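So you can see what is in the structure, the chains are spelled out below.
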Amino acid sequence: MSHLLRTSRLFAWLFLTGLSVAVIVGSGFYLYLRPGLPPVEQLLEIKLQTPLRVYSKDNRLIAEFGEKRRAPITIEQIPTIQLQAFMAAEDSRFYEHHGVDIKGLVRAAIELISTGSIQSGGSTITMQVAKNYFLSRDRTFIRKFNEILLAIQIERELDKNRIFELYLNKIYLGNRAYGIAAAARVYYNKPVNELSLAQMAMLAGLPKAPSAYNPLADPQRALVRRDWILGRMKELGFISVDAYDLAIQAPITATYNATEAEVDADYVAEMARAEMVRRFGDEAYTDGYTVTLTVDSKEQQSATDSLRSGLEAYDRRHGFRGPIGQIDTETLSGGDLSSTMLNYPRIESLMPAVITAVDDDKGEARAHVRRFGPAVMPFETMQWAQRYKTENLTGPKPKKPSDVVSVGDVVYVRVDDLAKAPTLPADEERSNVAASGIAEPVRVSLMQTPKAEGALISLKAKTGAIEALAGGYSFGQSKYNRAMQAKRQPGSTFKPFLYLTALESGMTPATIFNDAPIVFDDSELETAWRPQNSSGQFYGPTTLRKALYRSRNLVSIRLLRDLGIPRTLDYLRQLKVPAENMPKDLSLSLGSGQLSPMELARGLAVIANGGYDVEPFLIQSITDVNGDTVYQAPEIVLCDTNCDTNEAPSSRPEEDNDNDNDNAPALTEESAPKTRVMRRLADERSVYILHSMLRDVVKRGTGRRALALGRDDIAGKTGTTNEQRDTWFAGFNHNLATTVWVGFDQPAPLGRREFGASTALPIWLDYMKVALEGEPSAFMPRPNGIVNIRINPETGKRARPGEDGTFEIFKEEDAPAPLAPDNEGPGGTGGNGDDLSRQIF
């Protein structure tokens, strides 16, 4: 008995001694590590890395930038059953312990001993929060002890739901998905509250090993993990037996779902990204900013589609340049065509395809298309493919498929009914499927990537807001934004600025100039300059109105000579049209200077809105990850007199591609002015008269194709430079101004039958059909000081009674002189020497 008592006392003393030593060692570690532990308050200040998202003004996703996919979510937005799935997988006693679960650690140890692996995990959710937010992933005792101490500290200062919310927003769940909301989108393309029980359990299995238990990388292993979690949920009473039985039978439905843009606007997205980086640095990619742009999704998509279809139409008119590659017979017979086709890139909707058979009797070619597998290409889709020889010459029209393609040719095609065509998830082979009759070959049309490029810019005339912008055929093929960066000759689209200068200088639409040959000797030129009209003909005395809508070059030259080059350049500067790249000779009148499409579009918007300044802008608002507005575009105020000087800083889109100013201050809601004042740059009466003249370009002149819109408020001007190197159409009503350019990146002739009316105007027309759909006519209001007078169109003078005449509009002070006495004859002989010299010379 005494022996038993002594033994008991010995064990008691040993236990107390061990406990004391443990307490002393633990206290020592705590005192040693405590000063280095971060404060829990820091958890609430940490910004989760959330990507930059760019939206259209009607809230359609344009682009997402950032390495990590994350969509922060509150715990109230997560179904209870999803929370229970994570508890079953990671920490079933989360709401019972105080940061460290001794029972859980013991259970994990037993699992490790009995099965050789740990299913439920030994770290609590709170410990994982401590590790994920504060600690490294080093597997050391010190790091684990820090984790335990931090978990206890976190539990003391934060409630359980806040801890759980931090956990569910931070955890990595594979495939660049961080947080439960992002994972639901990546694997199931659903919000969290629409997931099934089986899908919830699948996501709950990922934190332990996002790669090993990934349903995309290892479906079988992921299924085992999911079923274990479902069993654990049943065991814990989270789900019923019936729910368990139903979920356990569910197949794996996970697929990879990348964030897809809802609007095809890559050039616009890049402009927004560059501006955000300029403003916020690299934090723009991680701080969860949401950028809302001024572009309308419907109009932007139309701009992109219209430009592409217009460039393709031009390309088809000039013939087929042949295959982009060749695949040998051995490779063709090998069967692995899907892998081979990966060597040829997809360009927008154009897919590379290899011709596998040509059947002239059936009038078709067979092909294997990247991502779509076997396809059939009817001859009717190849009939455009006359062989390209030069920009002015093509070969004979093909009569059968073999005239166009041969077996082994690699060409670009477009799938005719893309919405119905089955695709291969990862360029897998579909030949066997089609051969077995399970799937029919898709129908495709022969295409080729255009060599010509283009740009389209559409501005709200009264505000400068960019309604739509396309900077080229394909951003993936070329990131060069021609809308902003290309400097090209505007040709005759420059003439509205010249004619506005004339109207501001006292001339009128009825002023007569002689359309006759003219020769200039220039010591800097090898030969004399003999400018011509595009028709090569001369038409004699012509009013300015007719000269503009007929685009008479010789009248424009004489007009500039009368106005004077310095005065014209000064007026361009007044309109804020860049003059640094303008020639200081008479070729200026024909648009031989250089402007970017945006610069020309902006100048056109000044005319469209009645003569007020325009500063194009793209970003409407910026909000942070919490939804607070950090920038709102100022309201635009048009001002004639006594204008407020408190204007917003310039935000021209030209600055969007300038990343040199890394120290530029970030705009905040407090620092951004509420209004931006746009002052009058041109006399409203002169602009009103110019509107009338430019509407005649559409009604009676080179822009007649725009009549297809069926509107009477459209004005505009075509433009074509020497040798058809640049072609334009700039058209507008009082609310919307749109400019289109078409040409080669390296200036070269487009072809002698190509003009602004045949290349740029059809693109403009397709876009404006969508942009103006349902919109009422928008005319500039008639200002005071305008009079209508009946004139003789041959002389520009007032018409006499009984004389053929037409009504013209004038400023009151510039109206033709009253009729002279009858004895001066029809049309009168009034006038001055200047009028006579314009008609003769």
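Quick caveat: nothing in here was measured; it's all calculated off a predicted structure.

**Student:** Would you take a moment to explain empty space enclosed by the protein for this structure?
**Tutor:** Inspection of the entire model under this criterion finds six cavities of 30 Å³ or more. Lining of the second largest cavity is provided by 13 residues; of these, Asp 266, Tyr 267, Thr 304, Arg 308 and Gly 472 occupy positions nearest its centre. Residue assignment for the lining of the second largest cavity shows that the elements contributing at least two residues are helix H12 (266-280), helix H13 (297-317) and strand S13 (466-470). Element by element, the count of residues in the lining of the second largest cavity is highest for H13, at three residues. Broken down by class, the residue content of the lining of the second largest cavity amounts to six nonpolar, four polar and three charged.

**Student:** Can you walk me through the nonpolar core in this structure?
**Tutor:** If you look at soluble globular proteins, the nonpolar side chains tend to sit buried side by side. Counting 98 residues, the largest nonpolar core has Ile 62, Leu 293, Leu 469, Tyr 499, Leu 544, Leu 559 and Leu 575 as its most contacted members. By size, the runner-up hydrophobic cluster in this structure holds 51 residues, among which are Phe 94, Ile 180, Ala 181 and Ala 182.

**Student:** What exactly am I supposed to notice about the pattern of salt bridges here?
**Tutor:** Should the charged atoms of two oppositely charged side chains come close, the side chains can pair. A complete count under the given rule lists 40 salt bridges for this structure. Across the salt bridge formed by Arg 725 and Glu 723, the nearest N and O atoms sit 2.7 Å from each other. Arg 725 sits in the partly exposed class, given a relative accessible area of 27%. On the accessibility criterion, Glu 723 (46% relative accessible area) is partly exposed. In this structure, a network of salt bridges that share partners links the residues Arg 545, Asp 696, Arg 700 and Glu 808.

**Student:** Please clarify how the packing of helix H18 (residues 495-504) against helix H22 (residues 597-608) should be interpreted in this entry.
**Tutor:** Axis angle and axis distance: for two packed helices, these are the angle between their axes and the distance between the axes, and together they describe the pair. Contact pair H18 / H22: the axes reach a minimum separation of 10 Å and the direction vectors enclose 40 degrees. For the element pair H18 / H22, the angle class is oblique. For the crossing formed where H18 meets H22, the hand is left-handed. Residues Pro 496, Phe 497 and Leu 500 of H18 lie in contact with H22, whose contacting residues are Leu 600, Gly 603, Leu 604 and Ile 607. For the contact of H18 with H22, a count of residues per class yields six nonpolar, one polar and no charged.

**Student:** Honestly, the environment of Glu 599 in this entry has me stumped. Any pointers?
**Tutor:** Structurally, Glu 599 can be placed in helix H22. For Glu 599, a relative accessible area of 11% corresponds to the buried category. Considered as a pair, Glu 599 and Thr 739 are 140 residues apart in the sequence and their alpha carbons are 10.0 Å apart.

Reading guide: rules and limits
Every chain begins its residue count from 1, and numbering advances along the sequence as written. Reporting of local features is limited, given that this is a predicted model, to residues whose pLDDT is at least 70; pairs of side-chain atoms are given and counted only at 80 or more, and all residues count toward the totals for whole chains, interfaces and linings. Derived side-chain values reflect all non-hydrogen atoms in the structure, with water molecules and hydrogen atoms excluded from consideration. We place a 1 Å grid over just the protein atoms. Points where a 1.4 Å probe fits but has no way out form a cavity, open points with protein on both sides within 12 Å along at least 5 of 7 lines form a pocket, and any residue with an atom within 4 Å of a point lines it. Grid points are joined across faces, edges and corners, and a volume is the space filled by probe spheres set on the points. In this text, helices come from DSSP runs of H or I with a minimum length of four residues, and strands from runs of E with a minimum of two, each type numbered from the N-terminal end. Residues are grouped as follows: Ala, Val, Leu, Ile, Met, Phe, Trp, Tyr, Cys and Pro are nonpolar; Asp, Glu, Lys and Arg are charged; all remaining types, including Gly, are polar. As used here, the term nonpolar core means buried Ala, Val, Leu, Ile, Met, Phe, Trp, Tyr and Cys residues forming a set that is joined through side-chain atoms within 4.5 Å. Burial classes follow relative accessibility: with a 1.4 Å probe on protein chains only, a residue under 20% of its type's maximum area counts as buried, one over 50% as exposed, and anything between as partly exposed. Salt bridges are defined as contacts in which a side-chain nitrogen from Lys or Arg sits within 4 Å of a carboxyl oxygen from Asp or Glu. Only the stretch in contact is used when fitting a helix axis, every axis being a line fitted to C-alpha atoms; angles between N-to-C directions are given from 0 to 180 degrees. Working rule for angles: under 35 degrees goes down as roughly parallel, over 145 as roughly antiparallel, 65 to 115 as roughly perpendicular, anything else as oblique. Crossing handedness is read from the near helix: turned anticlockwise from the far helix by less than a right angle, it gives a left-handed crossing, and turned clockwise, a right-handed one. We call two residues contacting when some pair of their heavy atoms lies within 4.5 Å.

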